[in-house]
Amino acid sequence: MSELAYMTIAEASRLIRAKKLSPVELTEELLARIAAIDCTYHAFILVTSDVARRQAKAAEAEIMGGNWRGPMHGVPYAVKDMFDVAGTATSCHSRLRMGHRAVSDATVVARLAEAGAVLLGKLALHEFATGGPTLELPWPAARNPWDLDLHPGGSSSGSGVAVATGMAPGALGTDTGGSIRNPATCCGVVGMKPTYGTVSRAGVFPLAFSLDHVGPLTRTVEDNAILLQAMAGDSADPASAQRQPADFLAAIGRGVQGLKIGVIEHFYATDMIAVAEQSAGIAAAIDVLRRLGAEIQTVRLSPLQRYTECGRTIQMSEAYAIHERDLQERPEDYAAITRSKLLPGAFIAAADYVKAQQLRRMLCAEFGEVMRSLDAVVTLSSLDMPCRIDDAETIAKTYERQVRMPFNVTGTPAIAVPTGFTATGLPTAMQIAGRAFEESVVYRIAHAYCDATGFCDRHPPVRLPRRETAPVADQAGLPVQQLS
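The rules behind each value
Throughout this description, residue numbers start from 1 for each chain and increase along the sequence as written. A pLDDT threshold of at least 70 governs which residues receive local features in this predicted model, and a stricter bar of 80 or more applies before side-chain atom pairs are shown or counted, although totals over entire chains, interfaces and linings include all residues. Where side-chain values are given, they derive from all heavy atoms of the structure, hydrogens and water being excluded. At least two bridges found by DSSP between two strands is the condition for calling them paired. Helical segments are the DSSP runs of H or I of at least four residues, strand segments are the runs of E of at least two, and each set is numbered from the N terminus. All axes here are fitted lines through C-alpha atoms, helices being fitted over the stretch that makes contact, and every angle between N-to-C directions spans 0 to 180 degrees. Aromatic pairs are defined between Phe, Tyr and Trp rings, using the six-membered ring for Trp, whenever the two ring centres lie within 6.5 Å; interplanar angles under 30 degrees are classed as stacked, those over 60 as edge-to-face, and all others as tilted. Relative accessible area decides the class of each residue, using a 1.4 Å probe on protein chains only: under 20% of the type maximum gives buried, over 50% gives exposed, and in between gives partly exposed. Given the number of residues in a helix, its expected span is that number minus one, multiplied by 1.5 Å. Oblique is the label for any angle not under 35 degrees, not over 145, and not in the 65 to 115 range, which are roughly parallel, roughly antiparallel and roughly perpendicular in turn. Each helix crossing is assigned a hand: it is left-handed if the near helix lies turned anticlockwise from the far helix by less than a right angle, otherwise right-handed if that turn is clockwise. In what follows, a contact means two residues having at least one pair of non-hydrogen atoms within 4.5 Å. Charged residues are taken to be Asp, Glu, Lys and Arg, nonpolar residues to be Ala, Val, Leu, Ile, Met, Phe, Trp, Tyr, Cys and Pro, and polar residues to be all remaining types, Gly included.

### Notes on the sheet that holds strand β8 (residues 295–298)
Spatial ordering of the open sheet is given by β1-β3-β2-β4-β6-β5-β10-β11-β9-β7-β8, a layout of eleven strands whose pairing is mixed. If you trace the sheet from one side to the other, it starts and ends with β1 (44–47) and β8, each paired once. When the angles between neighbouring strand axes are averaged without regard to direction, this sheet yields 30 degrees.

Spelled out as structure tokens, the structure:
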């Protein structure tokens, strides 16, 4: 396969700006790669080949004419199919949305178009970002790039898979209880949930209004910061922060010497017990950070279960409110696994929802107080390794055994980065979390760690299509690979 497949956003951007790499050439290489291998991985629901070619040609003409818009100019990316793209369905991987057509772009899609980025297509997810892998959906579930029999994490599963397999250098996902950081963890890539309000959700189908975040998945920390920079800022979303986005790249390369980093060990050592592979990965990562000059100390918050129960109560209540009408009128059109996650929200009392929001304020204050003396904290992401994709019972259990929801409750930035690989070749990961709107510090630490370890440079082996695998379907359910 072409060496362009694993070119980073930063590398591609430098070469494109220097007129040593054609955006058209890069786009064609990635479209060819998608056509060649995605019927094995099922990362894409829709390939916007005509849009990509048009945008790539326009970018090339502008750059050749001396009009370079910025680091994403001419660089391809893809989006989770919860983001509106004018003229296409926002399917949410659900038959309920088969007839939908977006009339305008989501704000982040529009911002990336203004930056000159090239849209490759729309990516698979769990139905409405809350279901799971199942044969009941109109399109196949995305597959783990390290082992096709395993779950790739969700709900932004296609985003993690597309990035890990070299089909896109960057992708957009959503994160309500960990849905960017989970596939990043399972697929061995970098996934950032930025501070609540940093990135607009206008034109993105919601799961839970007060917990939803939009963020990037990439293969490197630098790429992640570049993509977030192009996405951030907006006033169309009522929850958007009324502040100018920070320079997310400002501190990259400065190392961690003298930074104070707390370890939330009790989340994975006593509150819930992580498997040995994940615990070993973060223990080794902490040693690396210490050797790089960071000051490490153990910190304690409320038990993990308290954060998780708070977040789940809010999520289930708000998700049911969004889906109430369709659940009453079209319940059979949801996959069973999705119904099972949405319907419990009908039985949560208003008083319980209000109490959860009150508890949330207390947990946010607790976290803020701990962070007054720290630059960042680290903890695990997943407590388990990915299980089989056809093992619905174990998938349901592992979704509750994770350490991502606390940072949706606090709304503060958290990034998942690889910490190594198991004896069977599966990636492990940790989270680095920071104070609100201090993504630059989180990126600084993540970059120093990843640069020191090199884990982000390792890619899964390319697996060519299985004979029995069906091709990617378009949004009318037809077996085609491309749609304009």
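### A closer look at the packing of aromatic side chains
Remark: the centre distance and the inter-plane angle together describe each pair of aromatic rings, the angle taken between the planes. Summed over all chains, the structure comprises seven aromatic pairs. With a centroid separation of 5.3 Å and an interplanar angle of 45 degrees, the aromatic rings of Phe128 and Phe205 are classed as tilted. Pair noted here: Phe128 is in the loop between β3 (118–123) and α5 (157–164) and Phe205 is in the loop between β5 (190–193) and β6 (213–218), with a separation of 77 residues, a long-range link. By relative accessible area, which is 2% here, Phe128 ends up buried. Between Trp146 and Phe421, the ring centres sit 5.1 Å apart and the planes meet at 55 degrees, which makes this aromatic pair tilted. Remark: Phe421 occurs in strand β10 (residues 414–421) and Trp146 occurs in the loop between β3 and α5; sequence separation between them is 275 residues.

### Let's talk about helix α9 (residues 276–291)
The terminal C-alpha atoms of α9 lie 23 Å apart, and with 16 residues this matches the ideal 22 Å at 1.5 Å per residue to within 8%. Within two residues after α9, Gly293 carries a phi angle of roughly 110 degrees, on the positive side.

### Side note on the packing of helix α2 (residues 23–41) against helix α3 (residues 49–64)
Running from amino to carboxyl end, α2 crosses α3 at an angle of 160 degrees, the nearest separation of the two axes being 8 Å. Here α3 runs roughly antiparallel to α2, going by the angle between their axes. In the packing of α2 onto α3, the handedness of the crossing is right-handed. On α3, the residues that touch Pro23, Val24, Thr27, Glu28 and Leu31 of α2 are Ser49, Ala52, Arg53, Ala56, Lys57, Glu60 and Ile63. Residue composition of the contact of α2 with α3, by class: six nonpolar, two polar and four charged.

### What about the pairing of strand β4 (residues 170–175)?
Looking along a regular strand, one sees side chains alternate from face to face of the sheet. With six of six residues buried, β4 is to be regarded as a mostly interior element. Neither face of β4 is open: one carries Gly170, Leu172 and Thr174, the other Ala171, Gly173 and Asp175, and all of them are buried. Relative to β6, β4 runs antiparallel, the two sharing six bridges. Within the sheet, the bridge partner assigned to Thr174 lies in β6 and is Val214.

### Quick word on unusual backbone geometry
The omega torsion across Gly154 and Ser155 is 10 degrees, close enough to zero to call that bond cis. Here Ser155 is to be found in the loop between β3 and α5. Even without being a glycine, His93 presents a positive backbone phi close to 55 degrees. Relative to the helices and strands, His93 resides in the loop between β2 (76–80) and α4 (107–114). Its relative accessible area of 1% is what places His93 among the buried residues.

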